[in-house]
Amino acid sequence: MYTMTISVAALMSGRPYLATIAAACGVLIGWPFCVLAAVPIVLYAIQMGGFKRTIVVGILSSMLIIIVSLLADRFFYGRWTLSIFNLVIYNVFGGGDSSLYGVESTTFYFRNGFNNFNLAFILALLLPIIALFAQRKNIRSLLVYVSPVYIWLGFMSMQPHKEERFLYPIYTLICLAAAATVEMIAEIAYGRRGRTEDSTFMMILKVCRPVILGAILVASYSRSLSLLNGYSAPMKVLSHLPSDPKAISAIQKEPVLCIGSEWHRFPSSFFVPSPMYKVHWVDDGFMGLLPLPFNSSIGGTGAAPPYFNKFNKASPEQFITSEDACDFLVELDLHREGMHLRGSNRTLWEVVVEFPFLDKEKSPPIHRAFFIPWYWQSKNKFGAYRLLRRRTIER
């Protein structure tokens, strides 16, 4: 996203070589598959800066990046290898099954784009149509600048496994396309009506711009509030783990935090208040590969742990051997009939803290997506996101 933004900004300011270098960094350091989004940018840079010179800049910058990456890989992996090459080979020919982590329909990114950009996303999608009626001299250049939005959306929508983060490379370009649409609508209307700057019609158009931008800001703020109030519980509960060394030492061993079906919402170990905690997964039937703690005893960063595999299949070593070793447990109760909850055994577990968690399956789409005052709480349904403590722990 950063390098794509720099690349387009460089083109807009007439610096094709910087645009080429930034695109190379994005592909070779960031994510190689972004080459699809970078192609129109690089082609336009070649037209702007000349074929020979731009190609030379691209080759030299790419070689420098690859050499530095090769040396870094040699240092950390202990052998000559190139991680960017391995990434492409694995994802294209490796046989891994990313669908284990979820499959979405082709409309996922369009629905997700509207949730995160609301009216701005619609305006961005309308730009190619609006451009047909525009009379700007630079309309061709503008369409090149924002073309990665449509190329990337089309390509990613065809992939079975989808995640919101996969759209990050074009986030800033969505905003650029939306802003251009707002400007051109006013210009087209002004040109066709032939009114003067101080006419009533032009005054209405001038008012419409801040109204549209205001609506986007309000909807964006509403979306942020809905996410914060509806889905922040996984981060909140971890802050209630004991962080005092004396309280932790009372457990008589390294405390173990167990997570079952909520593995996909675990924010990361950085949210656990002390490095003394050990995070372990409980087998809840998930068949995919999950992260394991870094093991320095088998060769550090140069090792290839035997419990990992290229097919993303679950490894027996990723799950805790006995649930009796769990001192704390994170669990989500959506109040479903027949739902197996370990924390429901209150003779064994006690609730440390719980927070409401929005139940998306039982909540209306518009109310769960956007925070609407006076309606958000009453229209949506909530579960309980809990941090539980084993009762046998001495406190």
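Above this note sits the structure.
What counts and what doesn't
Residues numbered from 1 in each chain as written. Predicted model: local features only at pLDDT ≥ 70, side-chain atom pairs only at ≥ 80, totals over all residues. Heavy atoms only, no water. Salt bridge = Lys/Arg side-chain N within 4 Å of Asp/Glu carboxyl O. Helix = DSSP H or I, 4+ residues; strand = E, 2+ residues; numbered from the N terminus. Buried < 20%, exposed > 50% of the residue type's maximum accessible area, 1.4 Å probe, protein only. Contact = heavy atoms within 4.5 Å. Disulfide = S-S within 2.5 Å. Phe/Tyr/Trp six-rings, centres within 6.5 Å; stacked < 30°, edge-to-face > 60°.

Asker: Explain the pattern of salt bridges to me, please; I cannot follow it from the model alone.
Answerer: Once the charged atoms of two side chains with opposite charge are near each other, the side chains can pair. One pass over the structure, following the stated rule, counts 11 salt bridges. Linking Arg-342 and Glu-323 is a salt bridge whose minimum nitrogen-to-oxygen distance equals 3.0 Å. Of this pair, Arg-342 sits in the loop between strand S3 (328-333) and strand S4 (349-358) while Glu-323 is found in the loop between strand S2 (278-281) and S3, placing the two residues 19 residues apart along the sequence. By relative accessible area, which is 37% here, Glu-323 ends up partly exposed. One salt bridge connects Arg-336 with Glu-361, and the closest N-O pair in it is separated by 3.0 Å. Placement of Arg-336 in the loop between S3 and S4 and of Glu-361 in the loop between S4 and helix H13 (365-369) is noted, with a sequence separation of 25 residues between them. Look at Glu-361 and you get exposed, because its relative accessible area is 64%. A single network of salt bridges, built from pairs that share partners, joins Asp-284, Glu-323 and Arg-342.

Asker: Would you take a moment to explain the side chain of Arg-342 for this structure?
Answerer: Among the residues examined, Arg-342 registers a relative accessible area of 14% and is labelled buried. Once you skip the residues sitting within four places of it in the chain, Arg-342 turns out to touch Val-282, Asp-283, Asp-284, Glu-323, Leu-329, Glu-331 and Trp-349.

Asker: Would you mind showing me how to read the state of the cysteines here?
Answerer: Put plainly, a disulfide is one covalent bond tying together the sulfur atoms of two cysteines. All told, the structure shown has one disulfide when counted by the stated rule. One disulfide in the model links Cys-258 with Cys-326; its S-S distance is 1.9 Å. Handedness here is read from the sign of the S-S torsion; for Cys-258 and Cys-326, about -85°, the answer is left-handed. Of this pair, Cys-258 sits in strand S1 (residues 256-259) while Cys-326 sits in the loop between S2 and S3; the two residues are 68 residues apart in sequence, bridging distant segments of the chain. Overall, the relative accessible area of 2% leaves Cys-326 in the buried class. Left unpaired, Cys-34 is separated from the closest cysteine sulfur, that of Cys-25, by 13 Å. Just so you know, Cys-175 is unpaired, no disulfide at all, and the nearest cysteine sulfur is the one on Cys-34, 17 Å from it.

Asker: I would appreciate a short explanation of the packing of aromatic side chains in the present structure.
Answerer: Using the criterion set out here, one finds 19 aromatic pairs in the structure. Arranged with centres 5.9 Å apart and planes meeting at 35°, the rings of Trp-152 and Phe-155 form a pair that is tilted. With Trp-152 and Phe-155 both in helix H8 (residues 139-157) and three residues apart, this pair spans about one turn of that helix. Aromatic pair Phe-266 and Trp-281: ring centres 6.0 Å apart, planes at 85°, arrangement edge-to-face. Linking Phe-266 in the loop between S1 and S2 with Trp-281 in strand S2, this pair joins segments that are 15 residues apart in sequence.

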